[in-house]
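# Coordinates in review
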Amino acid sequence: MNHATPALDNLYMEIILDHYKHPRNRTDLSHLDDSTLHENPSCGDSIKIEVIFNPDGTIRDARHDGHGCAISTASASLLSERLPGKTPAEARQFIAEFIAVLRGEAPPERLDAFGDLAALGGVVKFPLRVKCAALAWHALEKCLEGK
Ligand code: ZN
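The following refers to the structure shown. Only a predicted model underlies this, so the values are computations on that prediction, with no experimental measurement involved. (Residues numbered from 1 in each chain as written. Predicted model: local features only at pLDDT ≥ 70, side-chain atom pairs only at ≥ 80, totals over all residues. Heavy atoms only, no water.)

## Some details on the coordination of the zinc ion
Donor atoms from the polypeptide that coordinate the zinc ion comprise Cys43 (SG), Asp45 (OD), Asp45 (OD), Cys69 (SG) and Cys132 (SG), at 2.1 to 2.7 Å from the metal. In primary-sequence terms, the residues that donate to the zinc ion follow C-x1-D-x23-C-x62-C. Here cysteine 69, found in the loop between strand 3 (59–67) and helix 2 (70–82), pairs with cysteine 132, found in helix 4 (residues 127–143); they are 63 residues apart in sequence, far enough to count as distant. The burial state of cysteine 69 is the same as that of cysteine 132; both residues are buried. (Donors = N, O, S within 2.8 Å, 3.2 Å for Na, K, Ca; no water. Helix = DSSP H or I, 4+ residues; strand = E, 2+ residues; numbered from the N terminus. Buried < 20%, exposed > 50% of the residue type's maximum accessible area, 1.4 Å probe, protein only.)

## Focus on the environment of asparagine 40
Structurally, asparagine 40 is set in strand 1 (residues 38–40). Overall, the relative accessible area of 4% leaves asparagine 40 in the buried class. Taking C-alpha positions, asparagine 40 is 26 Å from leucine 11, a pair spaced 29 residues apart along the chain. Asparagine 40 has contacts with Asp45, Lys131, Cys132 and Leu135, leaving out every residue within four places of it along the chain. (Contact = heavy atoms within 4.5 Å.)

## Comments concerning helix 3 (residues 88–102)
Between its terminal C-alpha atoms helix 3 stretches 21 Å, which fits the 21 Å expected from 15 residues at 1.5 Å a residue. Looking at the packing, one finds that the buried side of helix 3 touches strand 2 (45–53), strand 3, helix 2 and helix 4. Of the residues flanking the end of helix 3, it is glycine 104, one or two places downstream, whose phi is positive at about 80°. (Expected span 1.5 Å × (residues − 1).)

## A closer look at the sheet that holds strand 1
With antiparallel pairing, the 3 strands of this open sheet are ordered in space as 1-2-3. Each edge of the open sheet carries a strand with a single partner, namely strand 1 and strand 3. If you compare each strand with its neighbour and ignore which way they point, the axes differ by 25° on average. Pairing geometry for strand 2 and strand 3, over 8 bridges, is antiparallel. Paired with phenylalanine 53 across the two strands is isoleucine 59, which belongs to strand 3. Contacting strand 2 and strand 3, helix 2 crosses the sheet at an angle of about 170° to strand 3. (Pairing = 2+ DSSP bridges. Axes fitted to C-alpha atoms, helices over the stretch in contact; angles between N-to-C directions.)

## Focus: the pattern of salt bridges
Pairing is possible between side chains of opposite charge, provided their charged atoms come close. Enumeration according to the criterion identifies 5 salt bridges in this entry. The closest approach of N and O atoms between lysine 48 and aspartate 34, which form a salt bridge, is 4.0 Å. With lysine 48 in strand 2 and aspartate 34 in the loop between helix 1 (4–21) and strand 1, this pair connects stretches of sequence that are 14 residues apart. Owing to a relative accessible area of 9%, lysine 48 belongs among the buried residues under this scheme. Here aspartate 34 falls in the exposed class, since its relative accessible area comes to 61%. Between lysine 142 and glutamate 145 there is a salt bridge whose closest N-O contact spans 3.7 Å. (Salt bridge = Lys/Arg side-chain N within 4 Å of Asp/Glu carboxyl O.)

## What about helix 2?
Given a rise of 1.5 Å per residue, 13 residues ought to cover 18 Å, and the 19 Å separating the end C-alpha atoms of helix 2 matches this to within 8%. Of all 13 residues in helix 2, 11 are buried; the element is thus mostly enclosed. Residues of helix 2 that are buried include every one of Ala70, Ile71, Ser72, Thr73, Ala74, Ser75, Ala76, Ser77, Leu78, Leu79 and Ser80, and no others.

What follows is the structure, encoded as C-alpha cells:
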C-alpha cells in the first residue's frame, strides 16, 4: 500500500547525484599537508576538510577537497552545507547523531530534521557504503579536536 516509498528513494538518489556532480563548498585544499588526508581504502575515497571559524568560535565555513564515489562526495557536500553557524560542540553532537544512524543505532528518520541529508539514511542498508558516507564526518571530527 505504500506507494510513496519508491518515489522517495528516487528523490534521495537525485539529491545524492546532484551533490556528487556539483559538490557544494568544494575547493582546492592542496595547501593542507597530507596529515589532514582521510582515506577509505575499501572504496578508494579520499578527502580533506578545512573548517574556518568566526571570531566568536562558531563555524563560518567548511570546505572539502578530494575524490571519491558518489556517496562520499555527496556526504561531504551535504555536511558542509549544514555547518555554518554551529559551535564546535553543536557540530560534534551533529556528527554523533549522523554516525549513530549510519551504525544502525538510531533510526534513519532521525536525519529527516537535517534536510537533504536525509538522503544518506538509505546507505544504512549497504554496509560497504557506510564507510563512504562516514569519511567526511570523521575528517570533520579531526578538524574540531581541541576546539
Ligand atoms: Zn566510496
